[in-house]
Structure formats: structure tokens, C-alpha cells
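Working through the structure, step by step
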Amino acid sequence: MSASLVDQLETGLDAPICLTWELTYACNLACVHCLSSSGRRDPRELTTAECMAVIDELERMQVFYINIGGGEPTVRRDFWDLVDYAVAHRVGVKFSTNGSRITAERALWLAQSDYLDVQVSLDGATPEVNDVIRGPGSYATAILAMERLADAGFTGLKLSVVVTRENVPQLDEFKALADLYDAQLRITRLRPSGRGADVWDRLHPTQEQQRELYEWLLANGDDVLTGDSFFHLSGYGAPLPGLNLCGAGRVVCLIDPVGDVYACPFVIHDEFRAGNVRAPGGFARVWRESELFTDLRQPQSTGACVSCGLFDKCRGGCMAAKFFTGLPLDGPDPECVLGHGESLLATRGDAPVPKPSVDMSRRPPSRACDESPLTILHAR
Amino acid sequence: MNIAPDQLEKKAVEPEADEATATLPADEELVVEDLLVEDISIDGMCGVY
Amino acid sequence: MACAASTDLLDRGWRVAPQVAVRPEPFGALIYHFGTRRLTFLKSRPLFDVVASLEQHDTAREACCAAGVPEQELPRYERALITLAGAGMIVTADEP
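Notes on the structure follow. Remember, predicted model here, so these are calculated numbers, not experimental data. (Residues numbered from 1 in each chain as written. Chains lettered and ligands numbered in written order. Predicted model: local features only at pLDDT ≥ 70, side-chain atom pairs only at ≥ 80, totals over all residues.)

**Describing the interface of chain A and chain C**
Counting from both sides, the interface comprises nine residues of chain A and, opposite them, 12 residues of chain C. Taken together, the residues that form the side of chain A that touches chain C break down as five nonpolar, three polar and one charged. (Contact = placed C-beta atoms within 7 Å. Nonpolar A, V, L, I, M, F, W, Y, C, P; charged D, E, K, R; others polar.)

**Brief notes about the nonpolar core**
Taken as a class, soluble globular proteins show a tendency for nonpolar side chains to be buried jointly. Residues Cys-18, Ile-66 and Val-267 of chain A are the most contacted members of the largest nonpolar core, which totals 137 residues. Broken down by element, this core gets its largest block of residues, five residues, from helix 6 (residues 138–151) of chain A. If we skip the residues at most four places from it in the chain, Cys-18 of chain A touches Val-63, Phe-64, Tyr-65, Ile-66, Asn-67 and Val-252 of chain A together with Ile-42, Met-45 and Val-48 of chain B. (Core = buried A, V, L, I, M, F, W, Y, C linked by C-beta atoms within 7 Å. Buried ≥ 20, exposed ≤ 12 C-beta atoms within 10 Å, placed from the backbone. Helix = DSSP H or I, 4+ residues; strand = E, 2+ residues; numbered from the N terminus.)

**A few points about helix 5 (residues 127–134) of chain A**
All names here are of chain A. When helix 5 is considered as a whole, its buried residues turn out to be Asn-130, Ile-133 and Arg-134. Buried residues of helix 5 fall within an arc of 80° about the axis and therefore sit on the same side. As for helix 5, its buried residues are in contact with helix 6. Within two residues after helix 5, Gly-135 carries a phi angle of roughly 110°, on the positive side. (Arc of directions from axis to C-beta.)

**Description of the environment of Asp-333 of chain A**
All names here are of chain A. Residue position: Asp-333 is located in the loop between helix 13 (319–323) and helix 14 (340–348). For Asp-333 and Gly-227, which are 106 residues apart along the polypeptide, the C-alpha to C-alpha distance reads 18 Å. Aside from chain neighbours lying at most four places away, what touches Asp-333 is His-232, Cys-314, Gly-316, Gly-317, Cys-318, Ala-321, Lys-322 and Gly-341.

**Observations concerning the packing of helix 4 (residues 104–111) of chain A against helix 6 of chain A**
Residues and elements named next belong to chain A. One can describe the packing of helix 4 onto helix 6 by two numbers: an axis separation of 8 Å at closest approach and a directional angle of 50°. One element, helix 4, and the other, helix 6, form an angle in the oblique class. At the point where helix 4 passes helix 6, the crossing takes the right-handed sense. Contact residues: Ala-104, Ala-107 and Leu-110 in helix 4; Arg-148, Leu-149 and Asp-151 in helix 6. Its residues placed into classes, the contact of helix 4 with helix 6 shows four nonpolar, no polar and two charged. (Axes fitted to C-alpha atoms, helices over the stretch in contact; angles between N-to-C directions. Parallel < 35°, antiparallel > 145°, perpendicular 65-115°, else oblique. Left-handed = near helix turned anticlockwise from the far one by under 90°.)

As C-alpha cells, this is what we get:
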């Protein structure tokens with residue numbers, strides 16, 4: 001990718017190329033690292049009509065493709081109608097699912113659909129590794145969905161894995177699993193976003209594992225997708241396939257269940273909220289005129305990284321990873337391949353970090369309120 | 001291979017001259033040509049699920 | 001406009017494939033195939049003009065001429081069109 005084209009993309013486009021749309025915060029699972037802190041439905045969710053209006057806008061703007069997630073998007077009753085509507089309106093769809101609503105009949109329906117991609121989430125190649133993160137039975141549910149889709153003749157399935165300390169040793173097994181079900185493997189980066197912040201310290205790959213991951217991608221990456229989420233590793237050597245830049249607010253963004261527009265799904269925080277699709281001018285106005293996105297499309301200050309020879313490759317890494325670990329946005333990524341992020345983290349010790357602005361987790365939020373009666377009781 | 005000394009000299013000089021004049025435009029042409037059309041995966045943008 | 005010696009692709013009629021969307025951008029254009037999910041950047045505005053107008057001209061060469069592509073650039077543009085054809089982004093005008 002030429003330097004000038006990267007520069008052009010960093011200054012933003014008139015419309016996203018694709019975007020993530022979290023359709024609901026409701027979810028039947030409670031994955032420990034959930035980037036959207038999902039669990040309970042927000043009563044202010046966009047209605048079916050409002051969703052269709054957004055799709056109409058995306059069609060006018062020529063957004064090519066949407067990645068629908070949540071929560072578990074298939075728990076919305078209008079989900080399959082919305083998918084049909086998008087496809088009928090020249091917006092390609094991929095949806096991400098834990099597989100719990102993929103019945104045999106639904107698998108057949110999907111196999112007969114066009115312009116529709118399905119992505120099943122799994123975070124361990126074995127139930128022992130997976131279920132600790134995604135919950136008991138979640139491995140079996142995912143595999144059953146993949147079996148049903150394969151049986152129904154569905155093609156183009158994606159198996160999506162969030163890379164953690166626990167599953168880096170299973171990369172080859174994931175590839176084999178994907179091959180077994182005629183699926184394409186997709187591996188993505190764990191960010192300290194949503195509930196991910198609670199587990200990031202113990203689950204994010206070690207420096208050694210990052211190197212291993214990078215080498216594995218170089219060796220096997222031809223048919224493995226990454227969502228360009230490992231561009232921070234490009235400092236190790238040859239850049240990985242993809243734009244190798246942060247697309248947030250520039251070529252992609254997030255629309256959340258209540259219509260809030262964020263720079264990307266990993267920064268569900270007021271600091272990165274650009275506006276709401278329900279406001280006059282809808283999504284288009286937010287994309288084109290919001291202060292946040294206008295700011296993101298300016299040349300970003302490189303601060304501490306300006307003198308590093310690798311900056312051109314890593315581009316300072318992921319702003320979500322920096323933000324939620326309390327690091328400055330104009331400095332190194334917490335997983336900087338040279339270890340600059342690690343050193344910086346060590347200097348800030350246990351200083352408080354930003355918390356997500358939305359938490360629909362079904363567990364009592366451990367961080368929200370300090371006035372537990374138990375605390376008061378113990379203090380006496 | 002039998003090459004006369006003066007021819008040798010010519011051979012020694014000419015490639016250099018060719019390189020000097022040919023390198024830059026050829027490189028430019030190559031670089032410019034490579035850039036007219038470029039594929040990227042729809043999955044190749046960071047910030048999407 | 002004077003034209004160079006005839007080459008096969010440039011002298012055929014082409015059009016954008018039905019499942020393809022072309023979106024102009026300041027740097028050129030984005031071209032996306034809904035069937036293959038393939039996304040391609042067209043890195044010059046004249047190339048976008050050529051692609052967008054293919055159907056209106058009998059041959060690709062005429063589309064290039066109309067878009068103001070200089071004579072000496074024709075081979076480069078032809079190679080770009082070959083790439084697009086290979087990716088299924090453009091099809092010959094007589095293809096169903």
C-alpha cells in the first residue's frame with residue numbers, strides 16, 4: 001500500500017467502507033472478555049423501522065458491507081428480516097454469532113442466501129480452553145452450529161478467534177478446526193475493552209507469544225483473516241496483509257444498539273462517541289461532520305513515538321489498547337513490539353484507568369458502585 | 001569468450017551508462033504501474049468485528 | 001485522437017459487472033464485488049472515469065480517450081483493466 005494512499009485513508013472518506021453494527025446488548029452468554037460488556041438488552045434499542053432507516057442511509061452512502069454483532073444479534077426477533085433488508089438494499093452483511101440460534105432449518109435458509117457471511121465465535125480449539133472464557137457448553141454450541149451449516153451446504157463460513165495467552169499454543173488446531181468445517185479462520189486481537197479490561201493483564205499474549213503469533217501469520221496467513229487487528233506487530237518485519245492502519249472514524253466505525261456512533265467497537269466510551277443516528281441528519285451527518293471524527297482525521301500527534309524507526313510500520317498501534325490501559329494516545333501501544341508500552345505501563349503502576357461508558361453485563365458490575373452494604377458492614 | 005580489449009572497455013562503460021539513465025525511469029515506471037489498481041480484503045480494515 | 005497499434009482488450013467493449021459497485025473517491029475510486037467480497041482501490045481519478053464510462057463506449061480505448069488518458073499511459077491503463085477483468089470487476093459488453 002503506497003504511503004500516499006494510507007495518508008488519504010487516514011484523512012477519512014465520505015462514507016465508511018464497512019462498519020460494525022452492534023444490534024443488541026442482549027446476550028445469552030457472558031464471555032469474560034466481552035468488548036461490548038453485553039448481557040442485558042437496553043430498552044432504548046433502535047426499533048425495526050429505525051434499523052431499516054439506517055440501512056437505507058448506508059445504501060445511499062454506498063457502505064459496501066456491515067458486520068453485525070452485539071451481544072448476540074440473533075436474539076433480536078427481527079434479526080433475520082433486517083439481514084434480508086440489508087442484502088436487498090445493496091449492503092453486504094456478515095454477522096457474528098455464538099451459534100445458539102443456528103437451527104438446522106436456519107442453516108438451510110442461510111445456505112440459500114446470497115451476499116450473506118456468517119462468523120462463528122470460538123476462543124479455544126478445545127472445550128477446556130474455550131469454555132473458561134465463553135462459558136460451559138459454549139464450545140459445543142459453536143461446533144453444532146458449524147456442523148449444521150456445513151450439512152446445509154453453506155459456504156464461506158468464518159471461524160473467529162480472539163487470541164489470548166491461553167490459546168496462542170492452539171493456532172494450528174484452530175486452522176485444522178476451520179478446515180474441518182470448510183470455514184476460513186479469522187484471528188483477532190484481544191483489547192482491554194469492555195470486560196476485556198478485567199482480564200487483559202492475565203489474558204493478553206506475552207511478548208514472546210506475540211512474536212510467535214506474528215511468525216505464524218507470516219507462515220500461514222494466506223487464507224487466515226485478521227481484521228487488520230495486528231498491524232501493531234508490523235514492527236517485527238514485513239507488514240501483515242491489510243491496510244495496516246487504524247481505521248476508526250476514518251474508514252470504519254461502530255453503530256451501537258441505541259444508535260450511538262463510536263469510532264470503533266473497541267472504544268465504547270464517551271471520549272470516542274461521535275453522535276447518534278437518531279439526531280437530525282442521521283448517520284451520514286455524524287460520519288461527515290462530527291467533531292470527534294473530524295479530529296481523528298487530522299494528522300495525529302506522534303509524541304513519544306516520533307523518533308522511533310518503527311513508527312511508520314506500527315503507526316502507534318491501537319488507540320483502544322492505549323486508552324483503556326491508561327496510556328497516552330500519542331505514545332506507544334501497551335503491546336509495542338519494542339517493549340516501550342510495557343515500560344510505560346510499569347511507571348503508572350495501579351493508577352486508575354478509564355472505564356467503558358456502557359455496561360450491560362448481567363453480573364453486578366464490580367466497578368460501578370462502591371457502596372455495597374457488605375463494604376459498609378466490613379468497615380464497622 | 002574472445003573479446004577485444006577496446007570492446008571490453010566499451011562493455012564495461014556502457015552498462016553503467018545504461019544503468020544511470022535507465023534505472024530511475026524504470027523504477028518509477030514500475031512503482032507507478034504497481035499502484036494503479038490495488039486489492040484489499042473487505043476484512044482488511046482495523047476497527048471492525 | 002490518434003490511437004496506437006490495436007491491442008485486444010482495449011479494442012473490445014466492456015462494462016462493469018452487475019454485482020459490482022463503484023464509488024468515486026478523491027484518490028480515484030473503490031470498487032467492490034458483492035459476490036466475491038473483493039474490494040479494489042482504483043488509484044487514479046482518470047481510471048475511475050474510464051471504468052465508470054465503459055458501458056457508454058464501444059471500446060475501452062474510446063473510454064480511455066474520452067477520459068483524457070494520454071497515449072503513452074494506455075498500456076498502464078490496459079494492464080489495470082486486465083487486472084479488473086481477471087477479478088471479475090469488469091466483463092465484456094456482450095457477456096450476459
